[in-house]
Amino acid sequence: AADCKYSGDTRMPLVLKKKVAVLRGHCEIEDAESLFNWLQESSGRSLNLKELTSAHTAIYQVILGFQPTISIMPEDTSLFWLKELLTHDSKEVWL
């Protein structure tokens with residue numbers, strides 16, 4: 001897409017657009033710095049996590065650290081814990 005800052009194959013795990021980042025499949029540690037910088041550049045950006053299936057812990061740290069708006073939560077049920085952390089006011093650690 002013309003508004004993609006991170007152009008190339010649309011199957012890439014991280015696609016950074018003007019206002020939304022799309023995370024798909026498994027995102028590696030190399031994507032964490034790009035996501036961090038993108039979120040830091042401008043406020044009001046959001047994440048589409050619909051197709052995210054797994055990620056390096058650095059990706060989760062960036063997401064939890066910035067707490068951006070999540071336009072679409074992950075469909076993958078194994079990421080239930082991420083949904084819980086992002087949607088509840090209480091940030092209690094639970095097992």
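In this text the structure is predicted, and so the values were computed from the model without any measurement. (Residues numbered from 1 in each chain as written. Predicted model: local features only at pLDDT ≥ 70, side-chain atom pairs only at ≥ 80, totals over all residues. Heavy atoms only, no water.)

Colleague: Is there a simple way to explain the overall build of the chain in this structure?
Modeller: From N to C terminus, the chain includes 3 helices and 4 strands. Accessible area of the chain: about 5900 Å², with a carbon and sulfur share of 53%. (Helix = DSSP H or I, 4+ residues; strand = E, 2+ residues; numbered from the N terminus. Areas by Shrake-Rupley, 256 points an atom, 1.4 Å probe, with all protein chains shown as cover.)

Colleague: Looking at this structure, I do not really get the nonpolar core. What am I missing?
Modeller: Within soluble globular proteins, side chains that are nonpolar generally end up buried alongside one another. Within the largest apolar cluster, 22 residues are counted, with the highest numbers of intra-cluster contacts made by Leu-23, Leu-35, Leu-47 and Leu-49. Of all the elements in the fold, those that place two or more residues in this core are strand 1 (14–16), strand 2 (20–27), helix 1 (29–41), strand 3 (46–55), helix 2 (57–66) and helix 3 (80–87). Ranked by residue count, the leading element in this core is helix 2, at 5 residues. Among all residues touching Leu-47, those that are not within four sequence positions of it are Val-20, Ala-21, Leu-23, Leu-35, Trp-38, Leu-39, Ile-63, Pro-68, Thr-69, Ile-70, Ser-71 and Ile-72. (Core = buried A, V, L, I, M, F, W, Y, C linked by side-chain atoms within 4.5 Å. Buried < 20%, exposed > 50% of the residue type's maximum accessible area, 1.4 Å probe, protein only. Contact = heavy atoms within 4.5 Å.)

Colleague: Got a minute to help me understand the sheet that holds strand 2 in this structure?
Modeller: Two modes of strand pairing occur in sheets, parallel and antiparallel, and in both the strands are linked by backbone hydrogen bonds. Strand order across the open sheet formed by 4 strands is 1-2-3-4, with mixed pairing between neighbours. In this open sheet, the two strands that pair with only one neighbour each are strand 1 and strand 4 (69–72). This sheet shows a mean twist of 30 degrees between the axes of neighbouring strands, independent of strand direction. Here 7 bridges tie strand 2 to strand 3, and the two strands are oriented parallel to one another. When the sheet's bridge partners are listed, Gly-25 is paired in strand 3 with Leu-52. Docked against the sheet, helix 2 engages strand 2 and strand 3, running at close to 155 degrees with respect to strand 3. (Pairing = 2+ DSSP bridges. Axes fitted to C-alpha atoms, helices over the stretch in contact; angles between N-to-C directions.)

Colleague: What exactly am I supposed to notice about helix 1 here?
Modeller: Every α-helical turn comprises 3.6 residues, leaving residues that sit three or four positions apart pointing alike. Taking 1.5 Å of rise per residue, 13 residues should cover 18 Å, and helix 1 covers 19 Å from first to last C-alpha, within 8% of that figure. Where helix 1 is concerned, the buried positions are Asp-31, Ala-32, Leu-35, Trp-38 and Leu-39. Down the axis of helix 1, the sector holding all buried residues measures 140 degrees, keeping them to one side. Opposite the buried face of helix 1, by more than 90 degrees, sit the exposed residues Glu-30, Glu-33 and Gln-40. Where helix 1 is buried, its residues touch strand 1, strand 2, strand 3 and helix 2. (Expected span 1.5 Å × (residues − 1). Arc of directions from axis to C-beta.)

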